[in-house]
Amino acid sequence: MVASRTIFPFSGILLLIAKIFAVYQAAVFSPVDAIYPTVPVGGMGHVALIADFTSSAAPNMETLNDPVMGGESFSSFSWDDGKCLIWEGEVKIVSFLQAPGFCILRTAGRQRFSGLNATSRISFLVLDGDGDDDTMLQPMGVIVETGAKSTEGYPVTYTSVLSEKRMGKDGTVELSAPWSSFVATFRGEKVNAPSLFPDEINDIYRIGISTYESHKAGTFRVLLKSMYATSDGTKISLNNNRASIKILSDLVGTLAVRGRLLLSPSALSSIPVMFYVAVAGFALLIILVFKYWGSLERSDYSPLN
């Protein structure tokens, strides 16, 4: 009887270690830290991560402002390490048009975005700050380029208006647009060209967010966390507490299931306290090792130039 009481708690402890391995590995190596995409039970869904701006593996970005068209608007971006990309600037009135100009933040160069053909909409996850300087010129717009040309031979930019949806009490906002809503444009004017979806969706090489659709002048500041595309029926759940909370919740569930084996007075009395301390230390070491490996995995982003 003594032997069985010792074996059962020990097997339960091994299970806990295995759970730590599995849960933390999933959290660290997950391509999305700011969002955890989930599919409803019994449903279908697909998520394609475009950019995670909370990660060191975020893609190269660049700004395009209206001085290329004779305006005076300006914008720039910086990184709040591990939290978001900060894009800020000012849209000014273009004097010879007597209309607001534009600012664009977009992926730099030619990059590959896989899995978009299995999705139905594109989204930007942003933080709506509490301060007066944390503002967006609403509605924001989205632009994509595929290399397509209009029937007149002009290079096409596909554009759409982003709708806003509050995702949680922490100020997280999802800006999104269905692929079917995109129109082909050249210098802001609609042109005849192949439809983005499904004709050109696989050829997208540049994606950006724009102030143009607001038709407003003024200062703006956007705190951008991620870009992703989803299919119909896919739900996005937020988890900003990262791996530690996931591990804690998972371990609580495991303890609840195996409580008879791990927490019974007879089992606890059969194993020295220092043994549990040693196991906890070993589990912590495992977490630190996986955290180090995860930081290496996130640094190998290779855009298509």
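Right above here is the structure, for reference.
All values derive from a computational prediction rather than experimental measurement.

Regarding the overall build of the protein
Consideration 1: In terms of regular secondary structure, the protein is built from six helices and 18 strands.
Consideration 2: The buried share among the 305 residues of the protein stands at 43%.
Consideration 3: Here the analysis covers contacts within the protein between residues at least 6 apart in sequence; of these, 75% occur between residues at least 24 apart.
Consideration 4: Carbon and sulfur atoms make up 58% of the accessible area of the protein, which totals about 16000 Å².

Structural notes on the environment of alanine 58
Consideration 1: Secondary-structure assignment places alanine 58 in the loop between strand E2 (47-52) and strand E3 (61-65).
Consideration 2: Taking relative accessible area as the criterion, alanine 58 reaches 15% and is therefore assigned buried.
Consideration 3: Once residues lying within four places of it in the same chain are set aside, the contact partners of alanine 58 are Asp52, Phe53 and Trp79.

With respect to the sheet that holds strand E10 (residues 141-145)
Consideration 1: Here we have seven strands laid out as an open sheet, ordered E3-E8-E16-E10-E11-E14-E15, and antiparallel in their pairing. One side of each edge strand has no neighbouring strand; the edge strands of this open sheet are E3 and strand E15 (189-190).
Consideration 2: Note that strand E11 (residues 157-161) and strand E14 (residues 183-186) share three bridges and pair antiparallel. Paired with threonine 159 across the strands is valine 183, a residue of E14.

A short note on the layout of surface pockets
Consideration 1: Taken as a whole, the largest pocket holds about 950 Å³ of empty space.
Consideration 2: Lining the largest pocket we find 38 residues, and of these Phe102, Thr185, Phe186, Arg187 and Gly188 sit closest to its centre.
Consideration 3: Put simply, the parts of the chain that give the lining of the largest pocket at least two residues each are strand E7 (99-100), strand E8 (103-107), E10, E11 and E14.
Consideration 4: Of the residues contributing to the lining of the largest pocket, the split by class is 20 nonpolar, 11 polar and seven charged.

A few points about the side chain of arginine 106
Consideration 1: Within the secondary structure layout, arginine 106 lies in strand E8.
Consideration 2: At 2.7 Å, the side chain of arginine 106 and the side chain of glutamate 62 are in polar contact.
Consideration 3: Polar side-chain contacts of arginine 106 include one of 3.5 Å to the side chain of glutamate 145.
Consideration 4: Not counting residues up to four positions away in its chain, the partners in contact with arginine 106 are Asn60, Met61, Glu62, Leu64, Glu145, Arg206, Ile207 and Gly208.

What to know about the pattern of salt bridges
Consideration 1: Scanning all chains against the criterion turns up five salt bridges.
Consideration 2: Glutamate 88 serves as the salt-bridge partner of arginine 221, at 3.3 Å between the closest nitrogen and oxygen. Placement of arginine 221 in strand E17 (residues 218-230) and of glutamate 88 in strand E5 (residues 84-91) is noted, with a sequence separation of 133 residues between them.
Consideration 3: Taking relative accessible area as the criterion, glutamate 88 reaches 32% and is therefore assigned partly exposed.
Consideration 4: Notably, a salt bridge pairs arginine 106 with glutamate 145, separated by 3.5 Å at the nearest N-O pair. With arginine 106 in strand E8 and glutamate 145 in strand E10, this residue pair connects regions lying 39 residues apart in the sequence. Across the pair, glutamate 145 and arginine 106 agree in class, each one buried.
Consideration 5: In this structure, a network of salt bridges that share partners links the residues Glu62, Arg106, Glu145 and Arg206.

Description of the nonpolar core
Consideration 1: Among the nonpolar cores identified, the biggest contains 42 residues, and Phe124 and Trp179 are the most heavily contacted of them.
Consideration 2: When contributions to this core are tallied by element, the ones reaching two or more residues are E2, E5, E8, strand E9 (121-127), E10, strand E13 (172-178), strand E16 (206-210) and E17.
Consideration 3: Considering each element in turn, this core owes the most residues, five residues, to E17.
Consideration 4: Not counting the four nearest positions on each side in its chain, tryptophan 179 is found in contact with Leu116, Thr119, Ser120, Arg121, Ile122, Val144, Leu196, Phe197, Ile201, Ile204 and Ala229.

Calculation rules
Residues numbered from 1 in each chain as written. Predicted model: local features only at pLDDT ≥ 70, side-chain atom pairs only at ≥ 80, totals over all residues. Heavy atoms only, no water. Helix = DSSP H or I, 4+ residues; strand = E, 2+ residues; numbered from the N terminus. Buried < 20%, exposed > 50% of the residue type's maximum accessible area, 1.4 Å probe, protein only. Contact = heavy atoms within 4.5 Å. Areas by Shrake-Rupley, 256 points an atom, 1.4 Å probe, with all protein chains shown as cover. Pairing = 2+ DSSP bridges. 1 Å grid on protein atoms, 1.4 Å probe; cavity = no way out; pocket = protein on both sides within 12 Å on 5 of 7 lines; lining within 4 Å. Points joined across faces, edges and corners; volume = space filled by probe spheres on them. Nonpolar A, V, L, I, M, F, W, Y, C, P; charged D, E, K, R; others polar. Polar contact = N/O pair within 3.5 Å; in protein donor to acceptor, adjacent residues only side chain to side chain. Salt bridge = Lys/Arg side-chain N within 4 Å of Asp/Glu carboxyl O. Core = buried A, V, L, I, M, F, W, Y, C linked by side-chain atoms within 4.5 Å.

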